[in-house]
Amino acid sequence: MAGQLGLNTIPSARMDESGTVRIGIGTVDPYIHGFIGFQIAEPLYVSLRQTSESSDLLGDPDRLYPGVDFKLRLAEEGRYWPEISVGVQSAVGHKRMGGEYLVASKRYNNFDFTGGIGWGRFGSAGHFKNPLSYLHNHFDGRRDNDGESPIEPNDWFTGDDIGLFAGIEYFTPLDGLSVKADWGADRHEAERAAFDFGNTAPWSIAMNYAPQNWVDFSIGMQGTEKVMARMSFQNDIENWPRRGYKKSQATPLKPDRTDIVNALDIERNARNEDLYLLNAVYEDTNTHANIRLDENKPTALQIGRAARHMANDSPKNTESLSIGLSHRGLRGPSVTLIRRDLETALLNTQGSPQEIWRNASIDNQSDHDVISSYTDKKWNLRLILDNDVSLSEEDTGVIYRTAILADEVRDVHTNFLGGHLTAGAQVRFNIRDNLHRIRDFRPRSTLPVRSDVNLFTDETFSLDRSYMSWFKTIDTDIHTSLSFGLLEEMYAGFGGEILYRPFGKTYGFGAEAWQAFKRDPTQKFNLGLNGDRILSGHLNAFYEVPNATLTVHAQIGRYLAEDIGATIALEKRFNNGSKIKGFVTTTDKADFDVFGSQTHLYSGLNFSVPIGNVKYLGKGSEIRLNATPLGRDSGQKIDKPVSLYDVTEPLSYRGITQHWTEILN
């Protein structure tokens, strides 16, 4: 009922397909659960949940119990063993809903069996002593399953006793219809202590119907007295039909080679296809050119189309085509394709991207020149529908804001102090929000970091960003950037990054520092400064999970409230350009709410899908959903206008190979 895949009142070990987004609502007395969950990777599900204490779907809740839940698969189901997962409900959030579990599920014909052990809410029946207490006395002792302080990681898997739960799902011959029955170990101790809540039967039975893959409904009974119901909508992000760019017809490869060629024709003809090739030269049996990549298009697609132009205007004896990659003035590797492989695939339809890859070579030590004498004069105003929503609020309920952002980045000087200079600007049109609840419910901060977010929405129009950035590759695999100006909605300032990202490796390291000046929301377009300043900085580490397009990002350093802490984030990239990112930050500074509780944790989910191929919208246009607590001061960082890791992604081994099948498109 609370969001994770399972039976009626207990979770199962099952997972959605990687990339699935699930939104829904479930109810069983005395709670209503609203949730949005993301299958970030095949073994990891993360959900933001808001639980309200209410028996009336349309009535105002008596209390709110938000939380961040996750489930991690430990073992996939095999022929002789079950699927095994471990999960935490309210990993971050209110103690009332806190609970942990270890669960196994096994399918046999039309039956799916589930059984597990639970701690906290999932184990309050207390069937036997907590086995972890034999490992360390930290896990022993009484556990407080309620109270105004939020749950912390040191509460996980603790308590005197644990409970057993089990259930079964039967898939009927009617497509999409199943029957679920379970026996839980939740005895509602917190509810019985807090108000007049009677004993609840531990068993439940329900029918679940999924007429389509994207929707399912469930209705049933807990015991003979309480009705339960659930509805969810879900879809795989890979099915999203939009892309970050508009598709165009590729230039055909000429069927016959000729010696009547001109290297300048390579650049001129490529320009007509919005490909920025330069410095084309013939060298014995090789033709070389440099390309400035478009971050909104797959790198392999641009390599393939550049190779067509180079082959069409190269001499007969040219057998290889070398393309030096660059992006925002940063130098990447040089990719060499065999001309005959391209002709075999495009003219004789006998080749494949895999065969082209087998004979291709990549030289990361290439010292090719970065394109520095061509400036794109075309405008590309991208639009972003930006949605911020916070389910994790105890004091104000669900709060949100919606805005439209118009963003433009332009080249200013392509050889400034040996680097590449760009300028960017972003205008915000605030559409709707209920951020007045922050002002009404929370105490005022004398030095607000982001707790004055409601003041920044008082202006219908504001200038979020107006900045300049300088980029330079100082050595192979080492890149730098500097930025200054209006960096984001709430801060101006200056700062920069350095990144070591070795080509072909799955790791990277970097550092960043920012001198930030707080902007004044009482001035027109938020252009003024209020005098507050702070120096923040972080050390960064990145790891790319092989074959998963999943990046682990760890940070440690100083945040905007002068707090010291660390952030761990997981980001999943999909082939259509969609992205999901989940993160948790912990620092030495706590945020408070009106209940007097405090937390050192700040967590959330960021989700974006591209709409750049919609008519009249610029390349890179997208829809964003940021599900994070709003108006918090601790654990906050500069929303930097450029990220070196993102800028170098098109130049990376992963950026080249992820879409290699596009080489012939």
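In the block above lies the structure referred to throughout.
Now for a look at the structure at hand. (Residues numbered from 1 in each chain as written. Predicted model: local features only at pLDDT ≥ 70, side-chain atom pairs only at ≥ 80, totals over all residues. Heavy atoms only, no water.)

## Structural notes on helix α4 (residues 339–346)
Thinking step 1. Of the residues making up α4, those classed as buried are Arg339, Asp341, Leu342, Glu343 and Ala345.
Thinking step 2. For α4, the secondary structure elements touched by its buried residues are α3 (299–312), β17 (320–327), β18 (330–338) and α5 (353–359). (Buried < 20%, exposed > 50% of the residue type's maximum accessible area, 1.4 Å probe, protein only. Helix = DSSP H or I, 4+ residues; strand = E, 2+ residues; numbered from the N terminus. Contact = heavy atoms within 4.5 Å.)

## So, the sheet that holds β18
Thinking step 1. Read across the open sheet, the 5 strands follow the order β15-β16-β17-β18-β19; overall the sheet is mixed. The open sheet terminates on both sides in strands that have one partner only, identified here as β15 (276–283) and β19 (361–363). Within this sheet the neighbouring strands show an average axis-to-axis angle of 20°, counted without direction.
Thinking step 2. In this sheet, β17 lies alongside strand β16 (residues 286–292) in parallel orientation, the contact comprising 7 bridges. Bridging across to β17, Asn286 finds its partner in Ser320.
Thinking step 3. Its contacts with the sheet place α4 against β17 and β18, and it is angled at close to 65° to β18. (Pairing = 2+ DSSP bridges. Axes fitted to C-alpha atoms, helices over the stretch in contact; angles between N-to-C directions.)

## Quick word on the environment of Ile356
Thinking step 1. By the secondary structure assignment, Ile356 is in helix α5.
Thinking step 2. Among the residues examined, Ile356 registers a relative accessible area of 2% and is labelled buried.
Thinking step 3. Separated by 19 residues in sequence, Ile356 and Leu337 have C-alpha atoms that sit 7.0 Å apart.
Thinking step 4. Sequence-distant contacts of Ile356, defined by excluding residues within four places in its chain, comprise Leu337, Asp341, Leu342, Ala345, Trp660, Ile663 and Leu664.

## Section: the environment of Gly424
Thinking step 1. Within the secondary structure, Gly424 is located in strand β22 (residues 419–433).
Thinking step 2. Apart from residues no more than four positions distant in its own chain, Gly424 is found in contact with Glu408, Val409, Arg465, Ser466 and Tyr467.

## What about the nonpolar core?
Thinking step 1. With 40 residues, the main nonpolar core has Ile291, Ile303, Ile323, Leu325, Leu337 and Ile356 as its most contacted residues.
Thinking step 2. The element contributing the most residues to this core is α3, with 6 residues.
Thinking step 3. One finds Phe38, Ile40, Ile237 and Leu605 within the second-largest nonpolar core, a separate group that totals 22 residues. (Core = buried A, V, L, I, M, F, W, Y, C linked by side-chain atoms within 4.5 Å.)

## Topic: the packing of aromatic side chains
Thinking step 1. According to the stated counting rule, one finds 16 aromatic pairs in the structure shown.
Thinking step 2. Members of the aromatic cluster, each reached through a chain of ring pairs, are Trp357, Phe503, Tyr653 and Trp660.
Thinking step 3. Over the ring of Tyr645 we find Arg501, and its NZ or CZ is 3.8 Å from the ring centre. (Phe/Tyr/Trp six-rings, centres within 6.5 Å; stacked < 30°, edge-to-face > 60°. Lys NZ or Arg CZ within 6 Å of the ring centre and 35° of its normal.)

## Notes on a nonpolar patch on the surface
Thinking step 1. A cluster of nonpolar residues, Leu385, Ile404, Val427, Phe429, Ile431, Phe461, Phe525 and Leu527, forms a patch on the protein surface that exposes about 630 Å² of accessible area.
Thinking step 2. Examining the composition of the nonpolar patch, we find that 3 residues originate from one element, β22, more than from any other. (Patch = residues over 30% accessible without salt bridge, like charges linked within 9 Å, V, L, I, M, F, W, Y side chains within 5 Å. Areas by Shrake-Rupley, 256 points an atom, 1.4 Å probe, with all protein chains shown as cover. Salt bridge = Lys/Arg side-chain N within 4 Å of Asp/Glu carboxyl O.)

## A look at the pattern of salt bridges
Thinking step 1. Inspection of the entire model under this criterion finds 45 salt bridges.
Thinking step 2. Where Arg428 meets Glu489, a salt bridge forms, and the shortest distance between an N and an O atom there is 3.7 Å. Residue Arg428 is found in strand β22, and its partner Glu489 is found in the loop between β24 (478–486) and β25 (491–500); the two are separated by 61 residues along the sequence.
Thinking step 3. Of the residues examined, Arg428 reaches a relative accessible area of 6% and is grouped as buried.
Thinking step 4. Given the relative accessible area of 9%, Glu489 is considered buried.
Thinking step 5. Arg558 is paired through a salt bridge with Glu562; the nearest N and O atoms lie 3.9 Å apart.
Thinking step 6. A relative accessible area of 29% places Arg558 in the partly exposed class.
Thinking step 7. Within this structure, Arg14, Arg73, Glu77, Glu83, Lys106 and Asp112 form a network of salt bridges that share partners.

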